[in-house]
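Architecture at a glance
Chain by chain, the residues run as shown.
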Amino acid sequence: AVVSTQSTGIEEIPTIPVLEELAEEDLSFQVAEAPNVQVNRVVTIRELDQELHRHSALMTLDNKTDLKILTRFLNTEETVKEDDKPWYWDRLFTEVASELNSEWESMRELENGEIVR
């Protein structure tokens, strides 16, 4: 865009700064400020179990709701812990797709009045 000034009659052409000129600034002494992130430690199941058994005060919620029945039926860490197994995307996708297709085929057969295998 051309800008003209009426007082001098000279046309001024605005310029865009050249990246090389901006790159000449020495940025080596400037340090980015690290973000301030608060990390909260996640309590393990074992720690929760120990606290639950140690403090009977944890058996009520807001001094109104009795949690004894709930805590009686909670699973222990040993019963819910599973071995870490790697997941293979191709195999998992194929298994899920196969199960879904067989379910959909069974539903179609039921809708059409056919005998389901």
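Presented here is an overview of the structure given in this document. Predicted model only: the values in this text are computed from it and were never measured. (Residues numbered from 1 in each chain as written. Predicted model: local features only at pLDDT ≥ 70, side-chain atom pairs only at ≥ 80, totals over all residues. Heavy atoms only, no water.)

**Re the overall build of the protein chain**
Quick reminder of the rule: Here a helix means four or more residues in a row that DSSP labels H or I, a strand means two or more in a row labelled E, and each is numbered from the N terminus. The buried label applies to any residue whose accessible area, calculated with a 1.4 Å probe on protein chains only, is under 20% of its type's maximum; exposed applies above 50%, and partly exposed to all values in between. Contact between two residues is taken to exist if any of their heavy atoms lie within 4.5 Å; hydrogens are not considered. Using a 1.4 Å probe, the Shrake-Rupley method yields the accessible areas, and only the shown protein chains count as cover for residues.
In terms of helices and strands, the protein chain carries five helices and four strands. For the protein chain, the N- to C-terminal ordering of α and β elements is β-β-α-α-β-β-α-α-α. Within the protein chain, the fraction of its 117 residues that count as buried is 5%. Nonlocal contacts in the protein chain, meaning residues at least 24 apart in sequence, comprise 12% of its contacts between residues at least 6 apart. Within the structure as shown, the protein chain displays about 12200 Å² of accessible surface, and the carbon and sulfur contribution to it stands at 56%.

**Side note on the packing of aromatic side chains**
Rules: Here a pair means two rings of Phe, Tyr or Trp (six-membered ring of Trp) with centres within 6.5 Å. Their orientation is stacked below 30 degrees between planes, edge-to-face above 60, and tilted elsewhere.
All told, the structure shown has one aromatic pair when counted by the stated rule. Taking the centre distance of 5.6 Å and the plane angle of 35° together, the rings of Trp 89 and Phe 93 count as tilted. Pair noted here: Trp 89 and Phe 93 are both in helix α5 (residues 89-111), with a separation of four residues, about one helical turn.

**Side note on the pattern of salt bridges**
Operational definition: Salt-bridge detection follows one rule: a side-chain nitrogen of Lys or Arg within 4 Å of a carboxyl oxygen of Asp or Glu.
With the rule as written, the count across this model stands at two salt bridges. Close ionic contact of Glu 47 with Arg 41 constitutes a salt bridge, the shortest N to O distance being 3.3 Å. Judged by its relative accessible area of 28%, Glu 47 is partly exposed.

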